[in-house]
Amino acid sequence: MAITDRQTATLALAHALTAAERGLPVIPLSPTKLPALRSPHRDEPRPSLCRGECGLPGHGVHDATTDPAAVRALFAAAPWATGYGIACGRPPHRLIGIDLDTTSHTDSVAELRHLALRHLFTIPETVTVLTPSGGRHLWLTGPPDVVVPNSAGRLAPGIDVRGTGGYLVGPGSVTAHGAYRLAPGTADLPPAPCPRALLRLIAPPARPRHAAPPPPGGHRPDETADGTHQGQGLVQFVLAAQEGQRNTRLFWAACRAYEHGFGDALADALTDAAVRAGLPEREARATIASAARLTAGPRG
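The structure contained in this document is the topic of the report that follows. (Residues numbered from 1 in each chain as written. Predicted model: local features only at pLDDT ≥ 70, side-chain atom pairs only at ≥ 80, totals over all residues. Heavy atoms only, no water.)

As a further point, take empty space enclosed by the protein. Tallied over the full model, the rule gives two cavities of 30 Å³ or more. Taken as a whole, the largest cavity holds about 40 Å³ of empty space. Partitioning the lining of the largest cavity into residue classes produces eight nonpolar, no polar and no charged. For the second largest cavity, the calculated volume is near 30 Å³. For the second largest cavity, the full set of lining residues is Ile27, Pro28, Pro35, Ala36, Leu37, Gly58, His59, Gly60 and Asp63. Of the residues in the lining of the second largest cavity, the class split is five nonpolar, three polar and one charged. (1 Å grid on protein atoms, 1.4 Å probe; cavity = no way out; pocket = protein on both sides within 12 Å on 5 of 7 lines; lining within 4 Å. Points joined across faces, edges and corners; volume = space filled by probe spheres on them. Nonpolar A, V, L, I, M, F, W, Y, C, P; charged D, E, K, R; others polar.)

What follows is the structure, encoded as structure tokens:
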């Protein structure tokens, strides 16, 4: 490893430790912005749904920790890491990331302002991270009783949401496209609470205790006692998703599968359906993980 690479890795660890001290769970990232450690289950014949229960690192955002010794161990296992990710949705901050992308066709900042005017909320002053592409990440915090799913473009064009099961690239990280840095004047700010009106837009409605609601934009799939036909119906429901509703349909279908006890068994088929419908695999798995946590309910 070159001296410059060692310096970059050392700085990445230093920034990650600083974030961990603030109560932000972190993982090492590669220059591609993906988790730096490969899955220990990569050679198994079927994709594993292990979220770290095996005790080995390499489970992506599920490895995220605030323990300094554990952070150092993760980076020692990934000396090529040039950045770090911050897990969203985890206590104490329960971070929500509003990712404002910048393209030649979309002004995501203007889109967010239009949403604020339309739904009567104020965009608060908060931690803001500038991305190499010219975009920005707004850090917000959520209440403990709300699970925010990940989504891409569902809120508005060019606006992605990072919630439970997702992560944000931390400031000080270096990627193949450049460095992430704090926007001037925001370094000393705490993450601001997410406005309630915005939270209603990005979070699913509370799950009823008994009957499940009809799916968004469609009819309820057929249900059977063993879940076989319902599982097939849920997969077809996700396959039929159009742009702008893929994440919503996948989240709804995954919630129904976990509620009926066959979520883990159907997770791979739902992921495949979501990918075929146009959703990135990583986002699909994160959405299913969010559904699993939501339907699991509070833990003692």
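That was the structure; now back to the text.
This brings us to helix α2 (residues 68–77). Along an α-helix, a turn takes 3.6 residues, which lines up residues three or four apart on a common side. Buried within α2 we find Val71, Leu74 and Phe75. Seen along its axis, α2 keeps its buried residues to an arc of 95 degrees; they face one direction. Turned more than 90 degrees away from the buried face of α2, the exposed residues are Ala69 and Ala76. (Buried < 20%, exposed > 50% of the residue type's maximum accessible area, 1.4 Å probe, protein only. Helix = DSSP H or I, 4+ residues; strand = E, 2+ residues; numbered from the N terminus. Arc of directions from axis to C-beta.)

Let's shift gears to the packing of helix α6 (residues 246–259) against helix α7 (residues 263–277). Contact geometry of α6 with α7 gives a least axis separation of 10 Å together with a crossing angle of 165 degrees. Relative to α7, α6 is oriented roughly antiparallel. As α6 runs across α7, the sense of the crossing is right-handed. On the side of α6, the interface is formed by Arg246, Leu250, Ala253, Ala254, Ala257 and Tyr258, while α7 contributes Gly263, Asp264, Leu266, Ala267, Leu270, Ala274 and Ala277. Looking at side-chain class alone, the contact of α6 with α7 contains ten nonpolar, one polar and two charged residues. (Axes fitted to C-alpha atoms, helices over the stretch in contact; angles between N-to-C directions. Parallel < 35°, antiparallel > 145°, perpendicular 65-115°, else oblique. Left-handed = near helix turned anticlockwise from the far one by under 90°. Contact = heavy atoms within 4.5 Å.)

Our focus in this paragraph is the sheet that holds strand β8 (residues 167–169). Read across the open sheet, the three strands follow the order β1-β2-β8; overall the sheet is antiparallel. Looking along the sheet, the strands with just one partner apiece sit at the ends: β1 (26–29) and β8. Direction aside, neighbouring strands of the sheet carry axes that sit 35 degrees apart on average. For β1 and strand β2 (residues 83–87), the ladder comprises four bridges, and the chain directions are antiparallel. Along β2, the bridge assignment pairs Val26 with Ile86. Across the sheet, α2 touches β1 and β2, and the angle it forms with β1 is around 15 degrees. (Pairing = 2+ DSSP bridges.)

Further remarks concern the pattern of salt bridges. Applying the stated criterion across every chain, the model contains four salt bridges. Close ionic contact of Asp160 with Arg162 constitutes a salt bridge, the shortest N to O distance being 3.8 Å. By the burial criterion, Asp160 is buried, and Arg162 matches it. A salt bridge links Asp272 to Arg276; the nearest nitrogen and oxygen atoms lie 3.7 Å apart. Of this pair, Asp272 and Arg276 are both found in helix α7, four residues apart, which corresponds to roughly one turn of the helix. (Salt bridge = Lys/Arg side-chain N within 4 Å of Asp/Glu carboxyl O.)

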